[in-house]
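Residue-level structural notes
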Amino acid sequence: MARYLLREADLPVTNLLYVGGGGFAMLIPANSLKNLQEAGREVDQVFLGHHAGDLYLAIAHVPLEEPDFLPGAISSRWNELAMEHRKAKQRRFASLGEEGLERLFTPQEHGGNEEKLCQVCGREHPGTKEVKIGPDEEPVRKCPPCVSYEDLGRDLRRARFLRLDEIPAQFQQGGPPGEYEQVLAAFGMAAEVDESVPPASPGTIRSLVLALRDDAVKELHPEATVAVGRRFLVNVTPEVTQADVDCANKNEERRSLLKGLAGDPVGRIKPFDFMAARSEGIKRLGILRMDVDDMGEMFVSGFGDKATLAHIASLSFAMSLFFEGWVEKLAEDVDGGKNLVYSIYSGGDDLFFVGAWHLMPELARRIRVDLGRYAGGHPGVHASGGIVLVQQKYPLAQGAEDAGGAEEAAKSLEDKDAIAFLGRAVHWKTFGLDSNDDTVLAMKEELVRLGAPSVLLRRLVRWQLTYEDTARERRKAGIPEDKSFWGPWMWHAAYFLKRMEEAANKGGNKDLADELRELREEKLGTLQFSRNIEWIGLAARWAELLTRGVGRKEA
């Protein structure tokens, strides 16, 4: 979109300062503003015609004078631009004028025609048809736009090249929403992805061919009207493997999960319910959303009196490089070839992943750790995230909202830099970024290693709840919060663990008794327990979900 606006304003790509996450910033001469605004109006027309108001363009600008280019001066102007942009977002489609707004508020669909209602996007479309997705599945009504995006998603999973061709713009106002090719054509663009370099589209004026993999770069050769380059794209898409099929053939439940794939399932995108079935412990999907804390503030004041447009552009590029490039490597490492992690989106300064739930906390942790290293350990550069567990058939859109709510819970903590998981928000330092013993991660691993009895795990969760209730009452009474962790849960824990140890000894289970004593003395003693009570229930709940369905030791 940014490139289209630059082209319509007759400006070079070097004027683009920042792009990511659906937003961009560019430096333009004052006499190009009118052309840019006209191009923005055309964008809104296309968006309204093809996306029925779901997408819109909010353009804001601030004038710059010579002093604004001196070090430190640009910060206030950048903040002013952010404020103007927020105002523009409150005036959606205002560029279309009265005629456009009348069209916006005029009913566009038949209304109640269920046969033409797409079961994917929920919109009516005259081209909606029933699509058979598997031999044992009921057909699903899908509109042409949704089918085209699904086709694009399938093509992308193995693509090595992206070709962008500039063609004459083709947009006719009116008519139903079009497929993705028609949307791009309205902007004078054609796109093709493939394992080999795609051929040029008919009527191509000039092209940009981008390698999506490192090993594909050497196959590119620039020409008079063809520019080439490398495009980072987090494209982690799990596929059904022959090993999955062999495993499913030995398990009736998993075999039923592949019946929904017509034909040979090998090489097809792995269904969410199959990924959930392959998760450890409880069978759930995990949804992760994560982004950099206070990124806007970094742009406004992060460089202090040294801020320049060059600094801002460099920061933008650096963040894009991490989230659009390195995150893919981290996801592949965490997945470990299991094909259980699916990247929905990663770019700019945020990401959205779905996969087997037990892999999501480690993926989030690795991203936070490597972001800190990437920033040279700068204390002001960190990210917060939210993880929710959902059942296989849970609507992805609702799951995304739930994960977004968890992310907001993490960001609500003082200084942010936190993760929300299993309904609990804790700072990353507490959750576990390294080998520190006093962390949620370390305690979870210890409980899993010991095969902690389920009755103990449930008690740990209950003791944390008791602590939280007591702490809440103490705050209401005005008692200093630093003393609120001293309470009955401490001696209850000591008594309960000792009784479990004695019961194990009497039952002849000396190994379990020794492990319980070690746990009591080294991890859950009075001092350690009082220090860790705020998060010990989270570690226990995590361990319980990981070991659900797995044989555990009983006292």
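A brief report on the enclosed structure follows. (Residues numbered from 1 in each chain as written. Predicted model: local features only at pLDDT ≥ 70, side-chain atom pairs only at ≥ 80, totals over all residues. Heavy atoms only, no water.)

Read across the sheet, 4 strands follow the order 6-5-7-8 without closing on themselves; strand pairing throughout is mixed. On the outer flanks of this sheet lie strand 6 (189–194) and strand 8 (226–230), each paired with one strand and no other. Taking the axes of each pair of neighbouring strands and ignoring which way they run, one obtains an average angle of 15 degrees across the sheet. Alignment of strand 7 (residues 206–211) against strand 8, held across 5 bridges, turns out to be parallel. Across the sheet, serine 207 pairs through a bridge with valine 226, a residue of strand 8. (Pairing = 2+ DSSP bridges. Helix = DSSP H or I, 4+ residues; strand = E, 2+ residues; numbered from the N terminus. Axes fitted to C-alpha atoms, helices over the stretch in contact; angles between N-to-C directions.)

Counting buried positions along strand 9 (residues 285–292) gives 7 out of 8 residues, so the element sits mostly inside the fold. Examined bridge by bridge, strand 9 and strand 12 (residues 383–390) share 8 bridges and lie antiparallel to one another. From the neighbouring strand, arginine 289 faces strand 12, where its bridge partner is glycine 386. (Buried < 20%, exposed > 50% of the residue type's maximum accessible area, 1.4 Å probe, protein only.)

Turning our attention to the nonpolar core. Of all hydrophobic cores here, the largest spans 96 residues; its most connected members are Leu288, Phe353, Leu363, Leu447, Leu456, Leu460 and Phe529. For this core, the leading source of residues is helix 11 (residues 309–335), giving 10 residues. In contact with leucine 288, not counting residues within four places along its chain, are Leu351, Phe352, Phe353, Met360, Leu363, Ala364, Gly386 and Ile387. (Core = buried A, V, L, I, M, F, W, Y, C linked by side-chain atoms within 4.5 Å. Contact = heavy atoms within 4.5 Å.)

Position of alanine 318 among the secondary structure elements: in helix 11. Residue alanine 318 is classed as partly exposed on the basis of its relative accessible area, which comes to 23%.

Working definition: an aromatic ring pair is given by the centre-to-centre distance plus the angle between the planes. By the definition in use, this model includes 12 aromatic pairs. Ring geometry for phenylalanine 47 against phenylalanine 187: centres 6.0 Å apart, planes inclined by 80 degrees, an arrangement best described as edge-to-face. Separated by 140 residues along the polypeptide, phenylalanine 47 in helix 2 (residues 33–51) and phenylalanine 187 in the loop between helix 6 (180–186) and strand 6 bring together distant segments of the chain. When sorted by exposure, phenylalanine 47 lands in the same class as phenylalanine 187, which is buried. Centroid distance tryptophan 357 to phenylalanine 421: 6.5 Å. Interplanar angle 25 degrees. Geometry classified as stacked. Remark: phenylalanine 421 occurs in strand 13 (residues 418–421) and tryptophan 357 occurs in the loop between strand 11 (350–356) and helix 12 (360–374); sequence separation between them is 64 residues. On the basis of relative accessible area, phenylalanine 421 is assigned to the buried category, the value being 1%. Among the aromatic residues, those joined into a cluster by ring pairs are Trp357, Phe421, Trp428, Phe431 and Trp542. (Phe/Tyr/Trp six-rings, centres within 6.5 Å; stacked < 30°, edge-to-face > 60°.)

Turning our attention to the sheet that holds strand 13. The strand order across the open sheet built from 6 strands is 10-11-9-12-13-14, with neighbouring strands paired in mixed fashion. At either margin of the open sheet sits one strand with a lone partner, and together these are strand 10 (341–347) and strand 14 (424–427). Strand-to-strand twist in this sheet, taken as the mean axis angle between neighbours without regard to direction, amounts to 10 degrees. Against the sheet, helix 11 makes contact with strand 9, strand 10 and strand 11, and its axis sits at roughly 170 degrees relative to strand 10, the strand it touches most.

With that settled, the discussion passes to the pattern of salt bridges. Within this structure, the stated rule accounts for 35 salt bridges. One salt bridge connects arginine 157 with glutamate 239, and the closest N-O pair in it is separated by 3.2 Å. Residue arginine 157 is located in the loop between helix 5 (144–156) and strand 5 (161–166), and its partner glutamate 239 is located in the loop between strand 8 and helix 7 (242–249); the two are separated by 82 residues in the primary sequence. Neither residue differs from the other here; arginine 157 and glutamate 239 are each classed as buried. With a shortest N-O distance of 3.7 Å, arginine 160 and aspartate 215 are connected by a salt bridge. Of this pair, arginine 160 sits in the loop between helix 5 and strand 5 while aspartate 215 sits in the loop between strand 7 and strand 8, and the two are 55 residues apart along the sequence. A cluster of three or more residues bridged by salt bridges with shared partners is formed by Arg7, Glu8, Glu166 and Arg206. (Salt bridge = Lys/Arg side-chain N within 4 Å of Asp/Glu carboxyl O.)

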